[in-house]
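Coordinates in review
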Amino acid sequence: MKVSFQALSRHLDLAGVTAERVAEVLPMLGLEVESVTTFGLAPLPLVVVGEIKSFEKHPKADRLSVCQVDVGDGSIRQIVCGAKNFKAGDRVPVALPGTVMPGGFEIKVSKLRDVDSAGMMCSSEELGLGKGEDGLLILTPRQPALGTPLNSLFGAPDTVLEISVTPNRGDCLGIRGVARDLAAALGLTLKPLTVKTAAGLAAAPSAADAVKFVRSSSEFCPYYTLRTLKNVKVGPSPEWLRRDLEAAGLRPINNVVDITNWVLLELGQPLHAFDAKKVSEGIEARPAREGEEIVLLDGKKVKLEPGVCVIADAQRPLVVAGVMGGADSGVTDSTTDVLLEAAWFRPGEIRRVARRIGVSTDSSHRFARDVDPAGVELASRLATDLLVELAGAQVSGPAVAVGKPPRADVTIELSAGYVAAKLGTPVADADVSAAFARLGFTVKASAAGFSVLVPSFRSDVTRPIDLVEEFIRIHGTDKVPAGRPIAPLPGDEDALTSVFTREVSARLVGAGFTECCHYSLRDAAELERTLGADKAALVAMDNPLTAEQTHLRASLVPGLAGALALNLSVHADPRGLFEVGTVFRPQADGTIREFLSVAFAIVAEPVTRSWKSREAFDALRAKRLLQDAAALAGVASVRLSFAAATGGLWQADHAAALVDRGRAAEGACGVLDLRWTRSLGLKSSVIAGEVCFPRTAFAEARKVPRFEAFSSFPPVTKDVAVIVPVGVAVAEVESRVRQGASKAAGKEFALESVNCFDVFTGPGLPEGHRSLAFEIRWRHAARTLTDEETNQALGVVIATLEKGAGWTVRR
Amino acid sequence: MQQQLAQLVAAATQEASAVATRAELEAFKARVVGPNGSLTQVMKGMATLSKEERPVVGKLINEAKKSVEELLAALLVKVEDAEIAAALGASVDPTLPSPDAPAGSLHPLSRTRERILASFRKLGFVVAEGPEVETEWHCFDALNTPADHPARDMQDTLYMPKAFRSADAPRKADEAILLRTHTSSVQVRTMLSRKPPFRIVAPGRCFRRDAVDATHSANFHQVEGLWIDRNVTLADLRGVLDFFVKETFGADAEIRLRPSFFPFTEPSFEMDLRSPNLGRLSDRWLEIMGCGLVDPKVLELCGLDPNEWSGLAFGLGLERIAMLVHGIDDIRHFYNNDTRFLRQFA
């Protein structure tokens with residue numbers, strides 16, 4: 001909303017108040033000022049009126065003319081000019097040498113293609129007056145005297161404040177609304193609005209009106225008025241009106257349309273003007289019917305959704321109510337009789353329809369923010385005044401009104417002390433009622449405290465709490481001191497997701513990983529790689545903005561792989577990267593679940609050279625990091641099992657999928673699919689890991705560990721090696737060792753650990769087999785184990801292992 | 001005798017110089033002080049001496065014994081040194097660079113988030129979190145922003161298709177599922193699940209249907225705060241925010257509350273910050289966060305009696321704060337993940 005200082009001055013006596021002051025005051029009222037610009041002719045003392053006495057074509061340039069110009073200083077000066085829109089005898093603005101134009105360009109005596117030029121004749125745009133007609137600004141019709149400074153022909157420049165109006169302040173979408181707030185803040189009085197057209201509405205058209213009926217049958221139009229104006233002379237608007245519109249950023253069209261727009265800017269009430277001759281019989285606000293269409297002013301053909309409120313004549317819809325007029329019923333140069341609509345439409349419906357059609361107009365924007373029902377008739381009368389004055393219109397009689405204003409002024413009972421209680425600081429009753437009075441509210445003392453009558457232009461003020469906001473806006477927020485010191489509430493703890501995020505991040509930072517942050521929205525190709533095409537479709541968004549951001553991420557790994565590639569390409573020597581964040585994964589029941597994911601990725605071979613080489617990062621180091629991360633989330637390693645990962649992001653035979661028996665975690669680790677990472681530009685293989693937890697996994701408070709007593713007697717350790725076919729997983733053999741070793745210990749003593757300490761393939765072993773060696777440790781709680789006991793126990797282990805098909809224990 | 005002892009010690013000393021290993025040391029020790037060692041033999045001869053001779057000779061023997069023990073101790077050190085040198089290999093040049101990678105680093109957004117959360121923890125706020133994919137009800141309706149309320153124009157929203165079912169945010173009826181546009185939805189979830197009084201601070205990722213540029217990002221982060229209690233006031237709001245700003249931007253930072261509008265607070269404010277220590281943004285009012293007292297309508301929608309309970313709420317942009325604190329000029333740096341950027345915050 002652009003509001004000019006001059007426009008505000010129509011409603012307020014701003015003598016002694018600068019535009020800068022206004023720009024400081026408005027934001028503290030909740031009216032944010034986005035920009036302050038100058039509108040109109042800036043002071044240009046060296047730009048004067050000159051007359052083009054004669055001109056001829058430039059000898060060396062077809063597009064230029066050499067003009068002889070008189071600026072009334074007793075001499076004729078030669079000026080080279082590129083414009084074409086003038087004739088000899090035209091008076092035009094001439095910038096004399098020394099002028100600094102609004103764009104900062106300084107005019108000097110110069111040569112243009114070898115011809116002397118002593119100044120510049122100016123266009124409207126060059127003078128900062130906005131885009132006028134092409135070429136020079138022709139002043140001839142104004143008949144100015146030669147040498148007159150241009151500033152004396154134009155008014156003083158104006159200041160335009162671009163205000164961002166919050167959705168609750170529909171009243172400030174009119175200049176008078178802004179002026180009212182400003183008046184309240186500055187302690188000024190709003191000037192009364194004088195309207196000549198008589199108040200009063202008719203229930204039905206008279207013979208003098210251009211319509212036979214005015215009706216509303218739409219629930220979205222509870223109040224509609226229409227006035228007939230005859231013998232209207234459509235033509236250009238006077239300069240002041242054009243200027244006002246341009247200052248507000250609107251383009252003048254013709255006097256009738258300009259007047260409706262001017263009133264809209266002034267009061268915030270949209271109006272619509274029909275060409276009466278194009279309206280068949282009468283006007284009805286009614287629901288659109290099945291199959292109806294309309295061609296809008298902007299040329300767009302719209303299929304009307306049945307039920308949408310349209311303004312129609314006896315034959316067809318003419319206007320999408322409150323949103324946009326039709327192309328064929330508006331005012332044109334040949335219009336003589338005008339029907340002037342002023343109405344009130346349901347705000348929510350206007351917003352819905354405007355969005356549905358995909359337009360936002362000055363009208364729909366205001367109706368959607370609840371215009372003042374009491375302002376409907378006033379706007380109609382003000383526009384009528386101007387149509388009479390500027391377009392010679394004849395008023396046939398009162399406007400015809402159907403329905404009634406849907407809401408009126410509101411009385412709010414405000415108990416004494418309520419404002420102070422909400423502010424947390426004492427305030428005087430007198431201050432409270434004074435603030436409301438300045439806003440145009442009527443305050444009376446009541447049994448409870450105050451009774452505040454809020455006029456209907458403030459649809460947002462209906463409750464005592466709304467009055468608190470009104471008070472503080474006017475009273476000033478700086479008068480509220482900082483409040484009491486507060487003590488923490490015992491027993492409250494951070495969400496465990498947050499605790500985990502902090503802890504796991506610290507762990508990975510300690511392990512040398514650098515944290516990344518990628519967009520959650522990814523492209524289709526990435527999701528198809530991660531989830532497969534079928535499941536990828538389940539995480540696609542409905543209305544993505546760009547083709548690169550169409551899906552929710554299901555894994556953090558692709559982002560990290562991309563970041564490794566990016567950093568290698570810019571020689572930023574990435575080491576390991578990690579990320580903690582939300583991923584979205586389709587579940588067996590068809591839902592999509594959010595997981596808190598922790599992922600890392602690292603180039604297997606070091607990317608920087610070193611005097612001493614370290615072991616490459618491998619899949620099993622990734623496994624350890626995942627186990628540690630899971631443990632921080634409360635998922636113990638014993639619950640986790642790892643099986644070969646298949647497809648997707650992971651390289652076959654070199655990656656593992658992680659499964660949690662308690663279903664609180666899932667993930668994978670190992671080498672990323674080499675064809676994929678190579679396609680990203682990564683030469684070395686990339687090791688990655690990801691473990692994710694549903695948010696529910698963190699629902700329970702962490703258990704406090706309980707102490708368990710341990711034996712003070714020494715353990716006994718025995719080794720066993722078993723030869724198994726290559727396809728048999730270590731976990732399977734280990735589990736068998738564990739089983740035998742626990743069974744052997746029975747209740748007498750305890751198995752403490754089983755540890756695979758050697759994996760061997762090579763000479764001495766049958767083809768396709770490998771040897772796995774385990775260290776088994778037992779311990780007794782109350783004594784030292786005997787050799788006999790442990791040998792016997794080892795025997796049980798061996799017997800258990802040899803039940804495995806093709807398994808041989810080495811002796 | 002005296003001479004014999006002196007010879008014995010001299011011989012042992014000479015022999016000792018050849019001892020280099022632990023085995024040689026043990027053999028040498030046996031030759032001198034073992035059961036048949038040379039010194040042991042002399043000591044055995046004591047028995048044949050007269051009463052008068054014994055103290056004199058005893059003293060001499062003790063002196064010789066002491067010399068031999070010192071010799072053995074020195075030899076042990078020498079042998080152990082040799083063993084350690086053999087075990088450890090060549091000496092280390094402490095000026096060599098470590099071949100191991102240094103510690104990694106937290107992302108600047110994480111650092112900023114943790115710093116902010118730590119400030120609010122001091123005031124008794126605890127961290128709460130909620131789903132990123134939300135129901136329209138939690139994101140808008142319960143926050144006093146019904147469908148076709150013009151406040152919905154303040155944010156362009158990304159929606160999931162009708163068929164999308166979220167395990168974390170099941171629909172109440174047939175409302176749309178969307179990517180939350182603000183963390184204020186966590187306010188709703190907290191009020192529905194907890195009994196007041198409470199103070200929570202909710203960091204999280206949010207989404208808007210915005211084209212990416214230097215100050216806009218399709219996803220971004222907010223930190224939301226909510227305090228529900230009896231008699232929470234505007235003075236409390238100023239107290240909390242003033243504390244936060246001084247914690248984050250230093251004691252000479254000041255704030256102002258500028259009236260504004262959010263559907264879920266009444267009165268509503270933008271909090272502006274002014275600080276002398278923000279580089280080219282110093283000494284200017286900068287918009288930092290939205291805040292206000294919780295609108296009674298929101299309390300009601302979330303099952304709290306507005307006559308009994310009141311509250312304050314605020315929401316700030318993590319990127320905005322991180323950019324101010326670290327002087328970062330383009331929001332896209334946070335998401336590009338160039339380690340030359342990331343490691344500046346190690």
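Residues numbered from 1 in each chain as written. Chains lettered and ligands numbered in written order. Predicted model: local features only at pLDDT ≥ 70, side-chain atom pairs only at ≥ 80, totals over all residues. Heavy atoms only, no water.

Considering the overall build of chain B
To keep things clear, this is the line we draw: Each helix is a run of H or I in the DSSP string that is no shorter than four residues. Each strand is a run of E no shorter than two, and both are numbered from the N terminus. Radius of gyration: over C-alpha atoms. The globule rule applied is 2.2 Å multiplied by the number of residues raised to the 0.38 power. In this scheme, a residue with accessible area under 20% of its type's maximum is buried, one over 50% is exposed, and one in between is partly exposed, where area comes from a 1.4 Å probe on protein chains only. For the accessible areas, the method is Shrake-Rupley and the probe is 1.4 Å, while residue cover comes only from the protein chains on display. Neither His nor the chain termini are counted; the positive set is Lys and Arg, and the negative set is Asp and Glu. Where a charge sits is defined by one atom per residue type, namely NZ (Lys), CZ (Arg), CG (Asp) or CD (Glu).
The number of helices and strands found in chain B is twelve helices and nine strands. Relative to a compact globule of 346 residues, whose C-alpha radius of gyration would be 20 Å, chain B shows 40 Å and is clearly more extended. Projected onto its principal axes, the C-alpha positions of chain B cover 120 × 50 × 45 Å. Here chain B holds 346 residues, and the buried ones make up 54% of them. Carbon and sulfur atoms make up 53% of the accessible area of chain B, which amounts to about 15,200 Å² in all. Where the 41 positive side-chain charges of chain B centre and where its 47 negative ones centre are 3 Å apart.

What about the overall build of chain A?
As a reminder of what qualifies: Two residues qualify as a contact provided that any one of their heavy atoms is within 4.5 Å of a heavy atom in the partner residue.
The helix and strand tally for chain A stands at 19 helices and 39 strands. When the backbone C-alpha atoms are referred to their principal axes, chain A occupies close to 125 × 85 × 60 Å. Buried positions account for 51% of the 811 residues belonging to chain A. For chain A, the proportion of contacts with a sequence separation of at least 24, taken over those separated by at least 6, is 70%. Both charge centroids of chain A, one from 92 positive and one from 96 negative side chains, sit 2 Å from each other.

Observations concerning the interface of chain A and chain B
Selection criterion: Take the accessible area each of two parts loses on contact, using a 1.4 Å probe, and add the two losses: that sum is the buried area. The salt bridge definition used is simple: a Lys or Arg side-chain nitrogen within 4 Å of an Asp or Glu carboxyl oxygen. By the criterion applied in these results, polar contacts are pairs of N or O atoms within 3.5 Å in which, for protein atoms, one can donate a hydrogen and the other can accept it, and in which residues neighboring in sequence qualify only through two side-chain atoms.
Facing 91 residues of chain A, the contacting portion of chain B comprises 96 residues. With both sides pooled, the region where chain A packs onto chain B buries about 7,700 Å², and carbon together with sulfur makes up 54% of that total. Its largest share of buried area at the contact with chain B, chain A owes to A:Arg351, A:Cys517 and A:Tyr519, together 9% of the area lost on that side. One can count eight salt bridges joining chain A with chain B. Two residues, B:Arg121 and A:Asp494, come together in a salt bridge whose shortest N-O distance is 2.6 Å. Here chain A and chain B share 43 residue pairs in polar contact (both at pLDDT 80 or more) between them. Those elements giving two or more residues to the side of chain A that touches chain B turn out to be helix 6 (347–357), helix 9 (418–423), helix 11 (464–475), helix 12 (496–510), strand 27 (513–515), helix 15 (557–569), strand 30 (576–586) and strand 31 (592–603) of chain A.

Observations regarding the pattern of salt bridges
Inspection of the entire model under this criterion finds 67 salt bridges over all chains. Notably, a salt bridge pairs A:Asp244 with A:Arg10, separated by 3.0 Å at the nearest N-O pair. Within this pair, whereas A:Asp244 is found in helix 4 (residues 239–247), its partner A:Arg10 is found in helix 1 (residues 5–11), the two being separated by 234 residues in sequence. The exposure class of A:Asp244 is buried, given its relative accessible area of 12%. On the basis of relative accessible area, A:Arg10 is assigned to the partly exposed category, the value being 31%. With a shortest N-O distance of 3.8 Å, B:Glu114 and A:Arg502 are connected by a salt bridge. Residue B:Glu114 is located in helix 5 (residues 108–122), and its partner A:Arg502 is located in helix 12; the two belong to separate chains. When salt bridges that share partners are traced, they join A:Arg169, A:Asp171, A:Asp181, A:Arg458, A:Asp460, A:Glu470 and A:Arg473 into one network.

What to know about unusual backbone geometry
All names here are of chain B. In this chain, Pro 196 is followed by Pro 197 through a cis amide linkage whose omega measures 0 degrees. Within the fold, Pro 197 resides in the loop between helix 7 (184–193) and strand 4 (198–207). Pro 267 follows Glu 266 through a cis peptide bond whose omega is -5 degrees. Within the fold, Pro 267 resides in strand 7 (residues 265–274). Here the phi dihedral of Asp 283 falls at roughly 60 degrees; this positive angle occurs in a residue that is not glycine. By the element assignment, Asp 283 lies in the loop between strand 7 and strand 8 (286–294). In this structure Asp 283 comes out as exposed when scored by relative accessible area, which is 54%. Phi at Asn 337 is positive, roughly 60 degrees, even though this residue is not glycine. The exposure class of Asn 337 is buried, given its relative accessible area of 0%.

Focus on the sheet that holds strand 10 (residues 158–164) of chain A
Residue and element names in this part refer to chain A. Formally: Strands are labelled as partners when DSSP assigns at least two bridges between them. Every axis corresponds to a line fitted to the C-alpha atoms, with the helix fit spanning only the stretch in contact, and the corresponding angles, defined between N-to-C directions, vary from 0 to 180 degrees.
A sheet is described by the order of its strands in space; here three strands give the open sequence 1-10-2, paired in antiparallel fashion. Strands with a single pairing partner mark the edges of an open sheet, and in this sheet they are strand 1 (2–4) and strand 2 (32–39). The average angle at which neighbouring strand axes cross in this sheet is 25 degrees, direction not considered. Of the pairings in the sheet, the one linking strand 1 to strand 10 comprises three bridges and is antiparallel in character. For Ser 4, the partnering residue across the bridge sits in strand 10 and is Val 160.

Observations concerning the domain arrangement of chain B
For an interface, size is often stated in terms of accessible area lost upon the parts coming together. The line we're drawing: For each domain, the first and last residues come from an automatic or database assignment.
What the domain assignment reports for chain B is domain 1 (2–86) and domain 2 (108–125 + 195–345). One C-alpha centre belongs to domain 1 of chain B, the other to domain 2 of chain B, and the line joining them spans 82 Å.

Focus on empty space enclosed by the protein
For clarity, the cut-off: The definitions used throughout rest on a 1 Å grid laid over the protein atoms alone, on which a cavity is an enclosed set of points accommodating a 1.4 Å probe that cannot get out and a pocket is an open set flanked by protein within 12 Å on both sides along at least five of seven lines; lining residues are those having an atom within 4 Å of a point. Grid points are joined across faces, edges and corners, and a volume is the space filled by probe spheres set on the points. By the convention adopted, Pro, Cys, Tyr, Trp, Phe, Met, Ile, Leu, Val and Ala count as nonpolar, Lys, Arg, Asp and Glu as charged, and the other residues, Gly among them, as polar.
In total, this model carries five cavities of 30 Å³ or more according to the counting rule given. Taken as a whole, the largest cavity spans an internal volume of roughly 440 Å³. Lining the largest cavity are 28 residues, with A:Thr501, A:Val580, A:Gly581, B:Arg113 and B:His221 sitting closest to its centre. Among the elements that take part in the lining of the largest cavity, helix 5 of chain B stands out by supplying five residues, more than any other. A breakdown of the residues in the lining of the largest cavity according to their chemical character gives eight nonpolar, ten polar and ten charged. In this structure, the second largest cavity encloses a volume near 80 Å³. Residue lining of the second largest cavity: A:Lys2, A:Val3, A:Ser4, A:Ala7, A:Arg10, A:Ile175, A:Asp244, A:Ala247, A:Ala248, A:Trp262 and A:Leu265, and that is the complete set. Counting only elements with at least two residues in the lining of the second largest cavity, the list comes to strand 1, helix 1, helix 4 and helix 5 (255–267) of chain A.

Regarding helix 8 (residues 234–249) of chain B
In an α-helix there are 3.6 residues to a turn, and that puts residues three or four apart on one side. Residues and elements named next belong to chain B. As a reminder of what qualifies: Take the residue count of a helix, subtract one, and multiply by 1.5 Å to get its expected span.
Here helix 8 spans 22 Å end to end across 16 residues, near enough to the 22 Å set by a 1.5 Å rise per residue. Among the 16 residues of helix 8, 13 are classified as buried, and the element is accordingly described as predominantly covered. One side-chain oxygen of the residue at the start of helix 8 lies 3.2 Å from the amide nitrogen of Ala 235, identifying that residue as Thr 233. At the C-terminal side of helix 8, Gly 250 shows a positive phi close to 100 degrees.

Considering the layout of surface pockets
All names here are of chain A. Each pocket or cavity is described by its volume, and for the second largest pocket that value is around 1,400 Å³. Lining the second largest pocket we find 31 residues, and of these Leu 620, Lys 623, Phe 642, Val 730 and Ala 731 sit closest to its centre. Looking at the lining of the second largest pocket, the elements with two or more residues in it are helix 16 (619–632), strand 32 (640–644), strand 33 (650–660), strand 34 (666–672), helix 18 (730–745) and strand 37 (750–760). Considering only residue class, the lining of the second largest pocket consists of 17 nonpolar, seven polar and seven charged.

Points about the pairing of strand 18 (residues 309–312) of chain A
Residues and elements named next belong to chain A. Of the two faces of strand 18, the one carrying Cys 309 and Ile 311 and the one carrying Val 310 and Ala 312 are both buried. The pairing of strand 15 (residues 282–287) with strand 18 spans four bridges and is classified as antiparallel. Considered in strand 18, the bridge of Pro 287 is made with Cys 309. Note: strand 18 against strand 19 (residues 317–320), three bridges, orientation antiparallel. Looking across to strand 19, one finds that Ala 312 is bridged to Pro 317. The turn joining strand 18 and strand 19, which pair antiparallel and follow one another in sequence, is formed by four residues.

Overview of the packing of helix 12 of chain A against helix 16 of chain A
The axes of two packed helices give the description: the angle between them and the distance between them. Residue and element names in this part refer to chain A. Counted only if it meets this: Reported orientations rely on four angle classes, namely roughly parallel under 35 degrees, roughly antiparallel over 145, roughly perpendicular from 65 to 115, and oblique for the rest. Put simply, a crossing is left-handed when the front helix is turned counterclockwise from the back one by less than a right angle, and right-handed when it is turned clockwise.
Axis separation between helix 12 and helix 16 bottoms out at 9 Å; the angle between their running directions is 155 degrees. The orientation of helix 12 with respect to helix 16, classified from their angle, is roughly antiparallel. The handedness of the crossing between helix 12 and helix 16 comes out as right-handed. In contact with Phe 500, Glu 503, Val 504, Arg 507 and Leu 508 of helix 12, helix 16 contributes Leu 625, Asp 628, Ala 629 and Leu 632. Its residues assigned to classes, the contact of helix 12 with helix 16 comprises six nonpolar, no polar and three charged.

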